[in-house]
Amino acid sequence: MRLGVDFGTTTTTVAVADRGNYPAVSFIDHNGDAQDDIPSVVGWSNSALVFGFDALRAMDEDEAPLIRSIKRLLSDSSMTPRSTFRLAQRDISIMDALVGFLEYVAFKVRTDSSLAQIPQSEPLEAAIGIPAHASSAQRFLTLEAFRAAGWSVISMVNEPSAAGFEYTHRHRGTLNSKRTSILVYDLGGGTFDASTVTAVDTDHQVLASRGHTMLGGDDFDLVLAQCFAKAGDIPLNSFAESEWQDLVEQSRTVKESLTAHTRVVSAVVHDRPVSLPVSTFYEAATPLVEKTLEVLSPLLQRTEDGALALPPECAGIYVTGGASSLPLVSRILRERFGRRVHRSPHAAASTAIGLAIAADPDAGFTLHDRLARHVGVFREAESGSLVSFDTLLSPNLQIESNKETTITRQYRAAHNIGFYRFVEFTQTDHVGTPLGDVTPLGEILFPFAPALQEPDISLANIHIARTGNGPLIEERYHVDRHGIVTVEICDLDTGYSLTSALTSGA
Ligand SMILES: Nc1ncnc2c1ncn2[C@@H]1O[C@H](COP(=O)(O)OP(=O)(O)OP(=O)(O)O)[C@@H](O)[C@H]1O
Ligand SMILES: [Mg+2]
């Protein structure tokens, strides 16, 4: 069985490849109703982790504690396979929760979905999604968790690229020699991603990609909850944690029910009904939508009068992701881009559908994606007293969906030991120094002096000293088809080498 699995921050959506069709799979929830997705939640009940609908049932029936948005924990730059989170006054391994959740999704797909029962003997082969801006560590941990949960992962595809597949599959005719690309705008529960995708027949290329790993529907819920608190004249610091959670949940429900005609919204705050004009919420939430436009602005073109607009070769902006259902989002996008805004008819499922297309060899869709991040290295220079910085991989590096991309560098070593500190980042300043979201990717100490190239020598205690003209060193950076970077450092004179996957503390 070939599937597309979009493990989202708020919901997990699955689509199936079925003889050239890619329907979304529905699941039976705890009330016996069919749902288009599985909530990405983990709870604690009867001394065990519970997942998805079971976690919601435990919350409804026993007020069991629950954590939403587990995927957001993965995008934390300090995340390692040993990281934990707090639930029910316990430290829970993020990896255990993730593997348990993905096992639960597999179980639901096999036994409790719109698909016929799938026996254990039949593998669940899946293309899985990942935010375009996910770090190497997030990619690695996501892949490991799917595998540990019994999935057979065919490929990991950037979420907006998958939505681009869904667009070109659905609207084959709209891309032509004049309109060659589409700008995918994916506002999910926890992340925002935008990519410009071109397609010639079934051959797709991502021209550029921008995104934010901490901007999504969850943030709109918080803004609305704050508006309700303010309207009720209730200071934020007077809320107990559970009261605040309850208000955020109410806000999410209210937000999801908004239509273009809604005028007033209401909630119960501290046992009192509170109402406010929806325009108050929209005003407070406008900066979030503006932020998405700022993030995608490098994908736009400046017109003669200085305004930013879609490039003429772009067929339009393809709006997907559940959070883009908010009427405010459509309104602002239409104000900015007019009639070139196309909303996906399956906003919440388009990534999963695109992933199912990616999983289907008969669809013949190919993808040349881009690395959406920079990878760089701080190196010790001048006897350890100075540190130099080099960008090794840049966001425009093209990644093939079926093979590894390798970048090499060669130089003569000038020290007895090389001290490399790798980082991943999304922005640089004008001289190329990492800015903003910088994630450490691990450190390597490499012995340049041949006498130190012995396995039992601990380099950490040896003083780094300048030695002059040392051995010829080659650094090789391999970016695999999932976007995970591995570094190999090799002394070409002696053949000594070290290899390390750059996946943070992983
Ligand atoms: N009708 C609606 N109006 C407004 N927001 C909505 C609506 N339906 C869903 N949402 C919001 O969409 C978000 C979930 O979107 P989606 O399912 O695309 O995200 P995800 O895939 O789980 O997350 P991500 O892609 O960020 O990992 C939630 O914040 C949810 O409240
Ligand atoms: Mg999503």
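Computed from a predicted model, the values in this text were never measured in an experiment.

The secondary structure content of the chain amounts to 10 helices and 31 strands. Here the C-alpha radius of gyration of the chain, 24 Å, is about what a compact globule of 506 residues would show, namely 23 Å. Counting only C-alpha atoms, the chain reaches 75 × 60 × 55 Å along its principal axes. Considering only residue pairs separated by 6 or more positions, the chain has 65% of its internal contacts joining residues 24 or more positions apart. Accessible area for the chain stands at about 22,000 Å²; split by element, carbon and sulfur atoms hold 49% of it.

Quick look at the pattern of salt bridges now. This model, assessed by the stated rule, comprises 19 salt bridges. A salt bridge links Lys 291 to Glu 294; the nearest nitrogen and oxygen atoms lie 3.6 Å apart. Within this pair, Lys 291 and its partner Glu 294 are both found in helix H8 (residues 278–296), separated by 3 residues, close to a single helical turn.

In terms of domains, the chain is made up of domain 1 (2–215 + 289–369), domain 2 (217–288) and domain 3 (371–501). Summarising the inter-unit geometry, the C-alpha centres of domain 2 and domain 3 are found 48 Å apart.

Moving on to the packing of aromatic side chains. Scanning the model with the defined rule gives 14 aromatic pairs in all. Ring plane angle 40 degrees and centroid distance 5.7 Å describe the contact between Phe 281 and Tyr 282, whose orientation is recorded as tilted. Here Phe 281 matches Tyr 282 in class, with each residue buried. Between Tyr 420 and Phe 422, the aromatic rings sit 6.0 Å apart at their centres with planes inclined by 0 degrees, giving stacked as the arrangement.

Pairing within the open sheet is mixed, and its 7 strands lie in the order S21-S20-S13-S14-S15-S22-S25. Single-partner strands in this sheet number two, and they are strand S21 (341–343) and strand S25 (398–400). Geometrically, the sheet is characterised by an average inter-axis angle of 25 degrees between neighbouring strands, direction not taken into account. Against the sheet, helix H9 (residues 327–337) contacts strand S13 (181–187), strand S20 (314–320) and S21, and its axis sits at roughly 150 degrees relative to S21.

This part is about the sheet that holds strand S7 (residues 48–51). Overall, antiparallel pairing links the 3 strands, which are arranged S7-S6-S8 in an open sheet. A single partner strand is all that each edge strand has here, and the edge strands are S7 and strand S8 (66–67). Taken strand by strand, helix H1 (residues 52–62) contacts strand S6 (42–45), S7 and S8, and its axis lies near 110 degrees from that of S7.

Take the site of ligand 1 next. By nearness alone, 20 residues border ligand 1, and Thr 9, Thr 191, Lys 255, Glu 256 and Gly 322 come closest of all. Here Gly 190 contributes a backbone N or O atom positioned 2.9 Å from an oxygen atom of ligand 1. Protein chains bury 89% of the 650 Å² of accessible surface belonging to ligand 1 in isolation. At the level of secondary structure, the elements contributing two or more residues to the shell around ligand 1 comprise helix H6 (217–231) and helix H7 (241–256). At 3 residues, the largest contribution of residues to the shell around ligand 1 is made by H7. Residue classes in the shell around ligand 1 are distributed as 2 nonpolar, 12 polar and 6 charged.

Okay, H1 next. Among all positions of H1, only Gly 52, Phe 53, Ala 55, Leu 56 and Ala 58 are buried. Downstream of H1 by one or two residues, Glu 63 has phi in the positive range, about 55 degrees.

Looking at where Ala 127 falls in the secondary structure, it is placed in strand S11 (residues 125–130). Residues Ala 127 and Ala 352, 225 residues apart in the sequence, show an inter-C-alpha distance of 8.8 Å. Ignoring any residue separated from it by four or fewer positions in sequence, one finds Ala 127 in contact with Leu 3, Gly 4, Val 5, Ile 154, Ser 155, Leu 355, Ala 358 and Ala 359.

Take the pairing of strand S29 (residues 472–479) next. Burial within S29 is extensive, with 7 of its 8 residues counted as buried. Strand direction decides the pairing type here: strand S26 (residues 405–412) and S29, joined by 8 bridges, are antiparallel. Its bridge partner lying in S29, Arg 409 is registered against Glu 475. The pairing of S29 with strand S30 (residues 485–491) spans 7 bridges and is classified as antiparallel. Counterpart to His 478 in the pairing with S30 is Thr 486. The turn linking S29 back onto S30 is made up of 5 residues, and Gly 483 within it adopts a positive phi angle of 85 degrees.

Conventions we followed
Residues numbered from 1 in each chain as written. Chains lettered and ligands numbered in written order. Predicted model: local features only at pLDDT ≥ 70, side-chain atom pairs only at ≥ 80, totals over all residues. Heavy atoms only, no water. Helix = DSSP H or I, 4+ residues; strand = E, 2+ residues; numbered from the N terminus. Rg over C-alpha atoms; globule rule 2.2 N^0.38 Å. Contact = heavy atoms within 4.5 Å. Areas by Shrake-Rupley, 256 points an atom, 1.4 Å probe, with all protein chains shown as cover. Salt bridge = Lys/Arg side-chain N within 4 Å of Asp/Glu carboxyl O. Domains from an automatic or database assignment. Phe/Tyr/Trp six-rings, centres within 6.5 Å; stacked < 30°, edge-to-face > 60°. Buried < 20%, exposed > 50% of the residue type's maximum accessible area, 1.4 Å probe, protein only. Pairing = 2+ DSSP bridges. Axes fitted to C-alpha atoms, helices over the stretch in contact; angles between N-to-C directions. Near = heavy atom within 4 Å. Polar contact = N/O pair within 3.5 Å; in protein donor to acceptor, adjacent residues only side chain to side chain. Nonpolar A, V, L, I, M, F, W, Y, C, P; charged D, E, K, R; others polar.

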